[in-house]
Amino acid sequence: MTLTAPPRLLLVHAHPDDESLWTGGTIARYAAQGVHVTVVTCTLGEEGEIIPDGLRELAADSADQLGGYRVAELRSACAALGVTDHRFLGGIGRWRDSGMAGVPANRHQRAFVAGGIEQQVAELTVILREVRPQVVVTYDAFGGYGHPDHIRAHDITTAAAADCADVDRVFHAVTSKRATEDGAAALADLAGLPFRLPEPGELPVVEDEQITTVIDIVGHLSAKLRALRAHATQISVWQDDTGGASYALSNGIAQPVVDAEYYVLARGPVEGTSADLFGGLGLPGGEPAQDR
Ligand SMILES: [Zn+2]
């Protein structure tokens, strides 16, 4: 018998689909292990590009119904990953997708980046104080690839987590240069790949020397792929008979599905973090369960 608190993981993401793209395998792995996983999504992703022709009229410059549609995609993705605790920052519909840097959507009255950062920190703090996660995940200070909403998600998470005594560690989800390059090279050998291969340096990555933590998601790739497929307005997923898999966003650039997800420890004790977000924290939990 232990009196230690059960492990709780909270991830803050900017748009529906980011939870699956950046951290889907990690979520599936820890959820399968019995960790309480909370996903906070800051906007509804209203400004996303729409891939299927039949859904194009949902777009922000047409019916402007994409955000509501993506709520359903997010629910399906969460189900695939085993997430039972999903929240929208400030309540559903509070903050709107700001779009890429410099577009008019940045100035929408509900745009996430146009909102008061103090209020957004307060809204996240309410969730953190309720959930009391030991481990919090968000993006790096560049938002992974420069999207203003991702940068804002980083900023509010950093501030809110610093003010919550229960948070032992904050991690930044990143993409490994080595894994991405190796994965992209392997895609070149696959027959029938419907996407174009990335140019060198085209996909956002970080140098592997910066990475502190590698989470093995081999046993949870099928869950991650199901979650990616759930975001059909945003992501095309391709799999062949040999187990090869790739996905592409609306830009049509092939991205590899790699066997691990990568993190940089931003705050908290480093000991035990090489392969486990909770390593060395003295919390209960055994080897992660496999879902396939
Ligand atoms: Zn995003």
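Since we're looking at a predicted model, the values are computed, not measured.

How would you sum up the sheet that holds strand β8 (residues 245-248)? Please name residues and give values.
Strand order in the open sheet formed by 3 strands is β7-β8-β9, with antiparallel pairing between adjacent strands. Edge positions in the open sheet fall to β7 (236-239) and β9 (255-256), since each of these has one partner strand only. Note that β7 and β8 share 4 bridges and pair antiparallel. Considered in β8, the bridge of Val237 is made with Tyr247. Lying on the sheet, helix α6 (residues 221-230) is in contact with β7 and β8; it crosses β7 at an angle near 140 degrees.

So what's going on with the environment of Leu55? Residues and values would help.
For Leu55, the position within the fold is in the loop between β2 (36-41) and α2 (66-81). Its 14 C-beta neighbours within 10 Å are what place Leu55 among the partly exposed residues. Sequence separation of Leu55 and Ala230 is 175 residues, and the distance between their C-alpha atoms is 14 Å. Beyond its immediate sequence surroundings of up to four residues, Leu55 is in contact with Ile50 and Thr233.

Which residues make up helix α4 (residues 148-162), and what values do they have?
The terminal C-alpha atoms of α4 lie 21 Å apart, and with 15 residues this matches the ideal 21 Å at 1.5 Å per residue to within 8%. Among the 15 residues of α4, 11 are classified as buried, and the element is accordingly described as predominantly covered. Within α4, burial applies to Pro148, Asp149, His150, Ile151, Arg152, Ala153, His154, Ile156, Thr157, Ala160 and Ala161. Each element contacted by the buried residues of α4 is listed here: β1 (8-13), α3 (117-131), β4 (135-138) and β5 (169-174).

Please give an account of the UniProt feature "binding site: Zn(2+)" (unreviewed entry) in the chain that cites residues and values.
The sites that UniProt annotates as "binding site: Zn(2+)" (unreviewed entry) are His15, Asp18 and His150. Of the residues just listed, which span 136 residues, no C-alpha pair is farther apart than 9.4 Å, and they cluster in one region. Inspection of the secondary structure assignment puts His15 in the loop between β1 and α1 (18-32). Residues in contact with His15, not counting those within four places in the same chain, are Thr41, Thr43, Gly45, Gly48, Asp97 and Asp149. With respect to the helices and strands, Asp18 occurs in helix α1.

Would you mind going over the sheet that holds strand β6 (residues 213-216) in detail, with residue names and values included?
What the 7 strands build is an open sheet, ordered β3-β2-β1-β4-β5-β10-β6; its pairing is mixed. Edge positions in the open sheet fall to β3 (85-88) and β6, since each of these has one partner strand only. Ignoring strand direction, the axes of neighbouring strands in this sheet form an average angle of 25 degrees. This element, α4, spans β1, β4 and β5 of the sheet and lies at about 160 degrees to β4.

What counts as what
Residues numbered from 1 in each chain as written. Predicted model: local features only at pLDDT ≥ 70, side-chain atom pairs only at ≥ 80, totals over all residues. Pairing = 2+ DSSP bridges. Helix = DSSP H or I, 4+ residues; strand = E, 2+ residues; numbered from the N terminus. Contact = placed C-beta atoms within 7 Å. Axes fitted to C-alpha atoms, helices over the stretch in contact; angles between N-to-C directions. Buried ≥ 20, exposed ≤ 12 C-beta atoms within 10 Å, placed from the backbone. Expected span 1.5 Å × (residues − 1). UniProt positions renumbered as here; feature names shortened; annotations may be inferred.

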